[in-house]
Amino acid sequence: MRPSLRLDAVLVQAVIAGALSFSHLHDLAEAAGQHGWKAWAYPVSVDLLLVAAWRRLRTLRDAGASRGAAWTWFAVALAASLGANVATAGLLDLNDVPDWLRILVAGWPALAFLGGTLLVHSPEATRPAPEPVAQEDMAPEVVRAEVPEPEPASAPELPAAGPAVPPALIAHARKLADSHRSATGRDIDADTLRSRLGVPAPMADAIAARLA
């Protein structure tokens, strides 16, 4: 209920203020020599320029563009309306209007037409296009679990290369090696083992490696 009453009061106030301003503009135009329908056209012209400038201000504000020109014409229309209200408040003799005021009133139609044309036909303000979002930013983040790399399997130990030597031959070779060490004071070598055992050189080398 309260918002409705507040809206009605504002509407009534706006109607009263508009009617008074309209009447003051009419009286001033008529006193400046504009009679008949011309005196009634002046307040319409001033109010239309005021509304057009205000709408242009809102459009430019929403677009984030410069509003200098719209503010200029809004101020011109507001000054014309406010000036008429002050001039008809008893500070100006409407029966003897000065020449400079007659000139201003006579030149108002051209000024209002220029302002309205510039407001309507000025280039439309465009909002800057949003920057494209990279595909990497749009893709959902995927949490990658760190999987430890498998350790390389160790190769099985292979037996040393060489011919198979019977255990009995190893035992006999060890006795020969002990006798040779007692007699010479040195370890028996592979060539001596080969000659004493009568075995091929590879087998002698294998036996000497076992005795080392």
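Because the structure is a prediction, the values reported are computed rather than measured.

## Focus: the nonpolar core
Link 1 in the chain: In this structure, L49, V105, W108 and L119 are the most contacted members of the largest nonpolar core, which totals 25 residues.
Link 2 in the chain: Elements that contribute at least two residues to this core include exactly α1 (2–31), α2 (37–63), α3 (68–91) and α4 (99–121).
Link 3 in the chain: Non-local contacts of W108, meaning those with residues more than four positions away in its chain, are made with Y42, S45, V46, L49, V76, A77 and A80.
Link 4 in the chain: Within the second largest apolar cluster, 13 residues are counted, among which are A173, A177, A206 and I207.

## Points about the pattern of salt bridges
Close approach of charged atoms allows side chains with opposite charge to pair.
Link 1 in the chain: Per the counting criterion, the structure on display carries 3 salt bridges.
Link 2 in the chain: For the salt bridge of R61 with D62, the shortest nitrogen-to-oxygen distance reads 3.7 Å.
Link 3 in the chain: Judged by relative accessible area, which is 47%, R61 ranks as partly exposed.
Link 4 in the chain: Residues R181 and D178 are paired through a salt bridge, measuring 3.2 Å at the closest nitrogen-oxygen approach. You can see R181 and its partner D178 sitting in helix α6 (residues 167–184), 3 residues apart, about one turn around the helix.
Link 5 in the chain: A relative accessible area of 36% means that R181 is categorised as partly exposed.
Link 6 in the chain: Taken together, the shared-partner salt bridges in this structure form one network comprising D178, R181 and D187.

## Description of a nonpolar patch on the surface
Link 1 in the chain: A cluster of nonpolar side chains, namely V12, I16 and L20, defines an oily patch on the protein surface of about 270 Å² accessible area.
Link 2 in the chain: Considering the arrangement of structural elements, one finds I16 in helix α1.
Link 3 in the chain: Owing to a relative accessible area of 45%, I16 belongs among the partly exposed residues under this scheme.

## Description of the packing of α3 against α4
Link 1 in the chain: Packing of α3 against α4 leaves a shortest axis separation of 10 Å and a crossing angle of 150°. The orientation of α3 with respect to α4, classified from their angle, is roughly antiparallel. For the crossing formed where α3 meets α4, the hand is left-handed. Facing α3, whose interface residues are A70, W73, V76, A77 and A80, α4 presents W108, L111, L114, G115, L118 and L119.
Link 2 in the chain: Here the residues of the contact of α3 with α4 sort into 10 nonpolar, 1 polar and no charged.

Parameters at a glance
Residues numbered from 1 in each chain as written. Predicted model: local features only at pLDDT ≥ 70, side-chain atom pairs only at ≥ 80, totals over all residues. Heavy atoms only, no water. Core = buried A, V, L, I, M, F, W, Y, C linked by side-chain atoms within 4.5 Å. Buried < 20%, exposed > 50% of the residue type's maximum accessible area, 1.4 Å probe, protein only. Helix = DSSP H or I, 4+ residues; strand = E, 2+ residues; numbered from the N terminus. Contact = heavy atoms within 4.5 Å. Salt bridge = Lys/Arg side-chain N within 4 Å of Asp/Glu carboxyl O. Patch = residues over 30% accessible without salt bridge, like charges linked within 9 Å, V, L, I, M, F, W, Y side chains within 5 Å. Areas by Shrake-Rupley, 256 points an atom, 1.4 Å probe, with all protein chains shown as cover. Axes fitted to C-alpha atoms, helices over the stretch in contact; angles between N-to-C directions. Parallel < 35°, antiparallel > 145°, perpendicular 65-115°, else oblique. Left-handed = near helix turned anticlockwise from the far one by under 90°. Nonpolar A, V, L, I, M, F, W, Y, C, P; charged D, E, K, R; others polar.

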